[in-house]
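Notes for the structure review
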Amino acid sequence: MQVRIYQPAKTAMQSGRAKTHSWILEYELATARRPEPLMGWTSSGDTLNQVKLTFDSAEEAIAYATRKGWTYEVITHNDRIVRPKNYADNFRTDRPRVGRF
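Read on for a plain summary of the structure. Just so it is clear, the model here is predicted, and its values are computed rather than measured. (Residues numbered from 1 in each chain as written. Predicted model: local features only at pLDDT ≥ 70, side-chain atom pairs only at ≥ 80, totals over all residues. Heavy atoms only, no water.)

**Here's the deal with the overall build of the protein chain**
The helix and strand tally for the protein chain stands at one helix and six strands. What you see in the protein chain, going N to C, is helices and strands ordered as β-β-β-β-β-α-β. In terms of C-alpha radius of gyration, the protein chain reaches 21 Å, well past the compact-globule figure of 13 Å for 101 residues. Long-range pairs, those at least 24 residues apart, make up 52% of the contacts in the protein chain between residues at least 6 apart in sequence. (Helix = DSSP H or I, 4+ residues; strand = E, 2+ residues; numbered from the N terminus. Rg over C-alpha atoms; globule rule 2.2 N^0.38 Å. Contact = heavy atoms within 4.5 Å.)

So this is what it looks like as structure tokens:
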């Protein structure tokens, strides 16, 4: 069985990074998703796509996957780059102009 191990990104609805410190183990889809004929909802014959296991570290998730005999893929995220900005930078005269002014 193939699993994916990753750290979730912050959602667009939150300003902080509160729920992004845990690691998630998620199963790869065994069957393709398709629209249900009656209601048009997206469905799958595999119920494992609803299961997400949460771990405190990537090492714990990797140890769990190897203990179960699963092949895994660890997806790392890019580090966040914080560029400090000041309100006064909006009025600087030594920067190139963008747009039509």
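**Here's the deal with the pairing of strand β2 (residues 23-27)**
Along any regular strand the residues' side chains alternate between the sheet's two faces. With five of five residues buried, β2 lies mostly within the body of the structure. The alternating pattern of β2 places Trp23, Leu25 and Tyr27 on one face and Ile24 and Glu26 on the opposite face, and all of these are buried. Pairing geometry for strand β1 (residues 2-6) and β2, over four bridges, is antiparallel. Bridge assignment links isoleucine 5 to a residue of β2, and that residue is leucine 25. (Buried < 20%, exposed > 50% of the residue type's maximum accessible area, 1.4 Å probe, protein only. Pairing = 2+ DSSP bridges.)

**Quick word on the sheet that holds β2**
Taken in spatial order, the four strands of this open sheet run β5-β2-β1-β6, and their pairing is mixed. Lying at the two open borders of the sheet, with one neighbouring strand each, are β5 (52-55) and β6 (71-75). Each adjacent strand pair in this sheet contributes to an overall mean axis angle of 25°, direction not counted. (Axes fitted to C-alpha atoms, helices over the stretch in contact; angles between N-to-C directions.)

**Describing helix α1 (residues 58-68)**
Along α1, the residues classified as buried are Ala58, Ala61, Tyr64 and Ala65. Buried residues of α1, seen end-on, are gathered within an arc of 125° and therefore sit on one face of the element. Every exposed residue of α1 that faces more than 90 degrees away from the buried side is listed here: Glu59 and Arg67. Looking at the buried positions of α1, the neighbouring elements they touch are β1, β2, β5 and β6. Two residues or fewer after α1 comes glycine 69, characterised by a positive phi angle close to 85°. (Arc of directions from axis to C-beta.)

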